[in-house]
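# Close look at the chain arrangement
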Amino acid sequence: MTELAAVKAALKTQAVETPSWAYGNSGTRFKVFAQQGVPRDPREKLADAAQVHAVTGVAPTVALHIPWDKVDDYAALAKYAEDLGLRLGAINSNTFQDDDYKLGSICHADPAVRRKALDHLLECVDIMDATGSTDLKLWFADGTNYPGQDDIRERQDRLAEGLAEVYGRLGDGQRLLLEYKFFEPAFYATDVPDWGTAYAHCLKLGEKAQVVVDTGHHAPGTNIEFIVATLLREGKLGGFDFNSRFYADDDLMVGAADPFQLFRIMYEVVRGGGYGPDVAFMLDQCHNIEPKIPAIIRSVMNVQEATAKALLVDREALAVAQREGDVLEANAVLMDAYNTDVRPLLAEVRGEMGLDADPMGAYRRSGWAAKIVEERVGGQQAGWGA
Ligand code: PSV
Ligand code: MN
């Protein structure tokens, strides 16, 4: 196989998971702007996700958030997804929207609150059993706002105890993915603030526990690709929540704020052997002011473009320059790949996959946007938090 053929083959196997909540309404604490045609239940979210997969060919799974996507029959929902050509992906837990969780969930000082949160997490594993999902994605809003508010060390002990119980409930082929975030909603000390804390807990738990890197969950200027390289080296990178940030956890389209950073991350993924089924490439985004389905299509394309560039890096030339200490040449090799216009290559790949070369145009021409505006009237629109 020529090198270009190998790059194309790799691009065809790509899988980007889209989040059910990105199809619903979302906003800031100032305003949630409702959009016409927005899904009213998990099935309608899946129907929208099927449109994204139909035009990109690389978005075959959808992440669910519980209880936002609560249904009576999860096996039936999985079957519905299958009929649409999709599969249900990671099950995301939610221990942050109940009044009981004001001072935390599995790190709370009150054992009754910890029990309630743990029961929810165990319920999420039951849901995985029904849907066939392999990944349980845990993010905890737990933390404190003021020094002295609670014992930082004890909160870690409670966290470890809770995680161990959930870990023990995992079946064969199921994983626990622990996500970190440096602040918000807690403003002083978050209980899983960084990759080091997530890594330490996952290491203790065992092989089925891995770290999730949400690209929006770092302080400005953080070298995320270094974290990615390190986690891959340790065999502990479970996946990504892709999005973009300008200021904090903005949840904008991946690749919108800093496409160069996305390329650098994808290069470390490729270089570190993480491009494959063991690392989950998920989006975690909110489309507050832009139309949602096209924004998700654009996001998937942005990930594809960064991946194509990463795959195009001349690794041999790079290794030679690095070995020779040729700083400028090494940097030039990397930048050559980054500066390649990969859109024609991806258009070719899509053609070979039997897809339209232009996913955005294909969606526009499909008539789906007008159809859902016409059909989805009445009922309660889905939204972030519902
Ligand atoms: C927290 O900010 C987070 O990134 C977690 O992944 C949540 O589950 C998700 O956002 C909800 O959008
Ligand atoms: Mn996330």
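The shown structure was predicted, so the numbers you read here are calculated from the model rather than taken from an experiment. (Residues numbered from 1 in each chain as written. Chains lettered and ligands numbered in written order. Predicted model: local features only at pLDDT ≥ 70, side-chain atom pairs only at ≥ 80, totals over all residues. Heavy atoms only, no water.)

## Some details on the pairing of strand 10 (residues 280-283)
- Alternating positions in strand 10 separate into two faces, A280 and M282 on one and F281 and L283 on the other, with burial throughout.
- Bridging between strand 9 (residues 237-242) and strand 10 involves four bridges; their strand directions are parallel. Within strand 10, the residue paired with F242 across the bridge is L283.
- Note on the crossover from strand 9 through helix 8 (residues 259-271) to strand 10: the handedness is right-handed. (Buried < 20%, exposed > 50% of the residue type's maximum accessible area, 1.4 Å probe, protein only. Helix = DSSP H or I, 4+ residues; strand = E, 2+ residues; numbered from the N terminus. Pairing = 2+ DSSP bridges. Right-handed = clockwise from strand over helix to strand, strands pointing away.)

## Looking at helix 1 (residues 3-12)
- For helix 1, the set of buried residues is V7, K8, A10 and L11. Taken around the axis of helix 1, the buried residues stretch over an arc of 160°, which confines them to a single face.
- Residues of helix 1 that are buried make contact with helix 9 (292-312) and helix 12 (343-352). (Arc of directions from axis to C-beta. Contact = heavy atoms within 4.5 Å.)

## Focus: the site of ligand 1
- The full set of residues close to ligand 1 is W21, H65, W139, E179, K181, D214, H217, D241, D249, D284 and W384.
- At a separation of 3.2 Å, an oxygen atom of ligand 1 approaches a polar side-chain atom of W21.
- In this structure, an oxygen atom belonging to ligand 1 sits 3.0 Å away from a side-chain N or O atom of D214.
- Computed on the free molecule, ligand 1 has an accessible area of 310 Å², of which 96% lies beneath the protein chains in the complex.
- Partitioning the shell around ligand 1 into residue classes produces three nonpolar, two polar and six charged. (Near = heavy atom within 4 Å. Polar contact = N/O pair within 3.5 Å; in protein donor to acceptor, adjacent residues only side chain to side chain. Areas by Shrake-Rupley, 256 points an atom, 1.4 Å probe, with all protein chains shown as cover. Nonpolar A, V, L, I, M, F, W, Y, C, P; charged D, E, K, R; others polar.)

## Looking at the packing of helix 4 (residues 111-131) against helix 5 (residues 152-169)
- Remark: helix 4 packs on helix 5, axes separated minimally by 10 Å, with the N-to-C direction vectors making an angle of 25°. Between helix 4 and helix 5, the angle is such that the two are roughly parallel. Crossing geometry of helix 4 relative to helix 5 is assigned as right-handed. Contact with helix 4, carried on its side by R114, R115, L118, L121, L122, V125, D126 and D129, involves R158, G162, E165, V166 and R169 of helix 5 and no other residues of that element. (Axes fitted to C-alpha atoms, helices over the stretch in contact; angles between N-to-C directions. Parallel < 35°, antiparallel > 145°, perpendicular 65-115°, else oblique. Left-handed = near helix turned anticlockwise from the far one by under 90°.)

## As for the sheet that holds strand 9
- Overall, parallel pairing links the eight strands, which are arranged 1-2-3-4-6-8-9-10 in an open sheet. Each end of this open sheet is capped by a strand with a single partner; those strands are strand 1 (18-19) and strand 10.
- Note: strand 4 (residues 135-138) against strand 6 (residues 175-179), four bridges, orientation parallel. Across the sheet, L136 pairs through a bridge with L176, a residue of strand 6.
- Helix 4 contacts strand 3 (87-92), strand 4 and strand 6 of the sheet and is inclined by roughly 150° relative to strand 4.
- Sitting on the sheet, helix 8 is in contact with strand 9 and strand 10, with an inclination near 160° to strand 9.

## Description of the pairing of strand 3
- Buried residues dominate strand 3, accounting for five of its six residues.
- Tracing the backbone out of strand 2 (residues 61-65), into helix 3 (residues 74-83) and back to the parallel element strand 3 gives a crossover that is right-handed.
- Bridging between strand 3 and strand 4 involves two bridges; their strand directions are parallel. Across the sheet, I91 pairs through a bridge with L136, a residue of strand 4.
- Crossover connection from strand 3 via helix 4 to parallel strand 4: handedness right-handed.

## Here we look at the packing of helix 9 against helix 12
- The contact between helix 9 and helix 12 brings their axes to 10 Å, and the two run at 105°. Here helix 9 is positioned roughly perpendicular relative to helix 12, judged by the angle of their axes. Each of M301, Q304, E305, A308 and L312 in helix 9 lies in contact with helix 12, whose residues at this interface are R343, L345, L346 and R350.
- Its residues assigned to classes, the contact of helix 9 with helix 12 shows five nonpolar, one polar and three charged.

## Re the pattern of salt bridges
- Counted according to the given criterion, the structure contains 29 salt bridges.
- Residue E44 is joined to R40 by a salt bridge in which the shortest nitrogen-to-oxygen separation is 2.7 Å.
- Judged by relative accessible area, which is 15%, E44 ranks as buried.
- The structure contains a network of salt bridges with shared partners spanning D150, E154, R155, R158 and D191. (Salt bridge = Lys/Arg side-chain N within 4 Å of Asp/Glu carboxyl O.)

## A closer look at a negative patch on the surface
- Taken together, the side chains of E3, D314, E316, E324, D326, E329 and D336 make up a negatively charged region of the molecular surface.
- Mapped onto the secondary structure, E3 falls in helix 1. (Patch = residues over 30% accessible without salt bridge, like charges linked within 9 Å, V, L, I, M, F, W, Y side chains within 5 Å. Lys, Arg positive; Asp, Glu negative; His and termini not counted. Charge placed at Lys NZ, Arg CZ, Asp CG, Glu CD.)

## Thoughts on the UniProt feature "domain: Xylose isomerase-like TIM barrel" (unreviewed entry) in the protein
- Here, UniProt's "domain: Xylose isomerase-like TIM barrel" (unreviewed entry) annotation points to residues 67-245.
- With 39% helix and 17% strand, residues 67-245 has its two end C-alpha atoms placed 26 Å apart. (UniProt positions renumbered as here; feature names shortened; annotations may be inferred.)

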